[in-house]
Amino acid sequence: PILSGGGYGSEAVALLLGLHSARSYPPTLAVRATHHGDVVDYAHFVGLPSDQREALEATLRSPVPSAEHAVVVCHSEPGAWFPAMYETPRCPPPG
């Protein structure tokens, strides 16, 4: 949920910004992102500092790398997957 704000989105953005700034080593490192699992919050995105917004836009527009040159990280809460890949305990726990 890169463009939705909130906790998961903030974590994903921090990871992407770190990877984006590390692109100079190695110079061939491509960073690509896709928004998934939540609604886009345009006000949040527009409210980001311009350097962060530009870096995120670059990762969203980057070409899709071939599978043999990619590391895929899907950063979304378990409810975004259907069917769920694994069971999670209730939060808060009953009782």
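Residues numbered from 1 in each chain as written. Predicted model: local features only at pLDDT ≥ 70, side-chain atom pairs only at ≥ 80, totals over all residues. Heavy atoms only, no water.

(A) Inspection of the overall build of the chain at higher detail. Counting its secondary structure elements, the chain contains 3 helices and 0 strands. Its helices and strands taken in sequence order, the chain reads α-α-α from the N to the C terminus. When the 95 residues of the chain are sorted by exposure, 20% land in the buried category. Across the chain, the fraction of contacts at a sequence separation of at least 24, relative to all contacts at a separation of at least 6, is 71%. For the chain, the exposed surface amounts to about 7,000 Å²; the carbon and sulfur share of it is 60%. (Helix = DSSP H or I, 4+ residues; strand = E, 2+ residues; numbered from the N terminus. Buried < 20%, exposed > 50% of the residue type's maximum accessible area, 1.4 Å probe, protein only. Contact = heavy atoms within 4.5 Å. Areas by Shrake-Rupley, 256 points an atom, 1.4 Å probe, with all protein chains shown as cover.)

(B) Up close: the side chain of serine 4. Within the secondary structure layout, serine 4 lies in the segment before helix 1 (6-21). Once you skip the residues sitting within four places of it in the chain, serine 4 turns out to touch His35, Asp38, Val39, Asp41 and His44.

(C) Here's a closer look at the packing of helix 1 against helix 3 (residues 50-61). One way to put it is that helix 1 packs onto helix 3 with a least axis distance of 10 Å and a crossing angle of 85°. When the axis of helix 1 is compared with that of helix 3, the two are roughly perpendicular. Contacts from Val13, Leu16, Leu17 and His20 of helix 1 reach helix 3 at Gln52, Ala55, Leu56, Ala58 and Thr59. In the contact of helix 1 with helix 3, the residues fall into 6 nonpolar, 3 polar and no charged. (Axes fitted to C-alpha atoms, helices over the stretch in contact; angles between N-to-C directions. Parallel < 35°, antiparallel > 145°, perpendicular 65-115°, else oblique. Nonpolar A, V, L, I, M, F, W, Y, C, P; charged D, E, K, R; others polar.)

(D) Broad picture of the environment of leucine 48. Turning to its location among the elements, leucine 48 is positioned in the loop between helix 2 (42-47) and helix 3. Ignoring sequence-local partners within four residues, the contact set of leucine 48 consists of Arg53 and Leu56.

(E) Helix 3, seen in detail. With 12 residues, helix 3 extends 16 Å from end C-alpha to end C-alpha; this agrees with the ideal 16 Å at 1.5 Å per step. Tucked inside the fold, the buried residues of helix 3 contact helix 1 and helix 2. (Expected span 1.5 Å × (residues − 1).)

(F) Just helix 1, in detail. For helix 1, which comprises 16 residues, the first-to-last C-alpha distance of 22 Å matches the rise-based estimate of 22 Å (1.5 Å per residue) to within 8%. Looking only at helix 1, the buried set comprises Gly9, Ala12, Val13, Leu16 and His20. On an axial view of helix 1, the arc spanned by its buried residues comes to 105°, and they lie on one face. Among the exposed residues of helix 1, those oriented more than 90 degrees off its buried face are Ala14 and Ser21. (Arc of directions from axis to C-beta.)

(G) Spatial organisation of the nonpolar core. Counting residues in each nonpolar core, the largest one holds 10 residues, listed as Ile2, Leu3, Ala12, Val13, Leu16, Val31, Ala33, Phe45, Leu48 and Leu56. Broken down by element, this core gets its largest block of residues, 3 residues, from helix 1. With sequence-adjacent residues up to four places away left out, alanine 33 is seen in contact with Ile2, Leu16, Thr59 and Leu60. (Core = buried A, V, L, I, M, F, W, Y, C linked by side-chain atoms within 4.5 Å.)

From the geometry alone we can't say anything about function, so treat these as descriptive.
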